[in-house]
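Descriptive structure summary
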Amino acid sequence: LNPAIFLALQGAFVEHETRLQNLHLKRKITTVLVKTPEDLQRCDGLIIPGGESTTIALLARLSGLLEPLKGFIKTKPVWGTCAGAILLSQSVTNAKKDGQELLGGVSVDIARNGWGSQVESFEAPLDVNGLADSSVPFTGIFIRAPVVLGLAPNAPIQVIARLPPHLLPEPAEDENDPRTIVALRQGLHLLTTFHPELTQDARFHDYFARNCVFPTVQVS
Ligand code: GLN
């Protein structure tokens, strides 16, 4: 049986585990709290939780996980939420002075703490393309969330949720402004700038399991 998932170094990993364990799939997901390269080897997918991206990267380095994670991302599905989304990005615009280690995998440029100090945390109802019961909005919880600044040209990215342009810190004139993007897919990877694990709603975990971790298997 294929276990999933995640990096349990720092951040909201227990909540991710609970959401995964509550999924109603025929194939039960086994969760692994990944703290070592050996743990990672047992996984068919990985969730990198929210928390603090520089701390997660530092802990990954100290536990010898940094290089194994970079290798994992090349072939296996990874979902990054908030700080995890930063780590999955190809570049970060406002890295800390002493730099920011990234894992890459998703061809976006992202800004840390993009909503600034004024509106560091907020909630917004999101229409998400491809989620079960998609007529029911998903509550996006944004906590010192990153902002997508740009997508690499021609990257095979599928945007699955946007914020209305008026909710941006500096209003967007164009509804296609990349800063409105809050959830996207690139191949097997999923990136959300908010925290689906902090709601009781497991539809994003269901989405990741069905579309990214087990895309070719009938799971329910
Ligand atoms: N601002 C945090 C960072 O840069 C992310 C916040 C979060 O994960 N809630 O890592």
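In every chain, residue numbers begin from 1 and rise along the written sequence. Residues qualify for local features only when their pLDDT is at least 70, as the model is predicted, and side-chain atom pairs are given and counted only at 80 or more; totals for whole chains, interfaces and linings, by contrast, use all residues.

Some remarks on the site of the ligand
In the vicinity of the ligand, the contacting residues are Gly50, Gly51, Glu52, Ser53, Cys82, Ala83, Ile86, Arg112, Asn113, Ile143 and Arg144. Split into classes, the residues belonging to the shell around the ligand amount to four nonpolar, four polar and three charged. Using a C-beta atom placed from the backbone, a residue is described as near a molecule or strand when that atom lies within 6 Å of it. All amino acids are sorted into three groups, where Ala, Val, Leu, Ile, Met, Phe, Trp, Tyr, Cys and Pro are nonpolar, Asp, Glu, Lys and Arg are charged, and the leftover types, Gly among them, are polar.

Brief notes about the sheet that holds strand E8 (residues 157-162)
Ordered by their spatial adjacency, five strands build an open sheet running E1-E2-E10-E9-E8, and the pairing between neighbours is mixed. Every interior strand has two partners, whereas the edge strands, strand E1 (46-48) and E8, have only one. Averaged over all pairs of adjacent strands, the angle between their axes in this sheet comes to 15 degrees, without regard to strand direction. Paired strands, as defined in this entry, are two strands with at least two bridges between them according to DSSP. Only DSSP runs of H or I covering at least 4 residues are called helices, and only runs of E covering at least 2 are called strands; the numbering of each starts at the N terminus. Relative to strand E2 (residues 78-81), E1 runs parallel, the two sharing three bridges. Looking at E2, one finds that isoleucine 47 is bridged to tryptophan 79. Only C-alpha atoms enter the line fits that serve as axes; for helices the fit covers just the stretch in contact. Angles between N-to-C directions range over 0 to 180 degrees.

With respect to the nonpolar core
Ranked by size, the top nonpolar core spans 57 residues in total, and within it Leu87, Leu88, Ile110 and Phe208 carry the most contacts. Of all the elements, helix H6 (residues 203-213) adds the most residues to this core, at six residues. Once residues lying within four places of it in the same chain are set aside, the contact partners of leucine 88 are Ile48, Val78, Gly80, Leu103, Gly105, Val106, His189 and Leu191. By convention the nonpolar core is taken to be a set of buried residues drawn from Ala, Val, Leu, Ile, Met, Phe, Trp, Tyr and Cys and joined through C-beta atoms within 7 Å. Three exposure classes are used, based on other C-beta atoms lying within 10 Å of a residue's own C-beta, which is placed from the backbone: buried for 20 or more, exposed for 12 or fewer, and partly exposed in between. Once C-beta atoms have been placed from the backbone, residue pairs whose C-beta atoms lie within 7 Å are recorded as contacts.

As for H6
Of all 11 residues in H6, eight are buried, a share of seventy percent or more. Among the residues of H6, those classed as buried are Phe204, His205, Asp206, Tyr207, Phe208, Ala209, Cys212 and Val213. Residues of H6 that are buried in the fold lie against helix H1 (13-21), E2, strand E6 (138-143) and strand E10 (189-192).

Here's the deal with the sheet that holds strand E3 (residues 89-92)
If you trace the three strands from one edge of the open sheet to the other, you get E3-E4-E7, paired in mixed fashion. Strands with a single pairing partner mark the edges of an open sheet, and in this sheet they are E3 and strand E7 (147-151). Here the strands of the sheet are splayed against their neighbours by 35 degrees on average, with no regard to which way each runs. Alignment of strand E4 (residues 106-111) against E7, held across four bridges, turns out to be antiparallel. Across the sheet, valine 108 pairs through a bridge with leucine 151, a residue of E7.

Details of unusual backbone geometry
Positive phi is not limited to glycine here, since asparagine 113 has a value of about 45 degrees. At arginine 144, a residue that is not glycine, the phi angle is positive and equals roughly 40 degrees. With respect to the element layout, arginine 144 can be found in the loop between E6 and E7. You can call arginine 144 partly exposed: it has 16 C-beta atoms within 10 Å.

A look at the pairing of E2
The side-chain alternation of E2 yields two buried faces, one formed by Val78 and Gly80 and the other by Trp79 and Thr81. Bridge count between E2 and E10: three bridges; the pairing is parallel. Bridged to glycine 80 within E10 is leucine 191.

Purely geometric numbers; function is a separate question.
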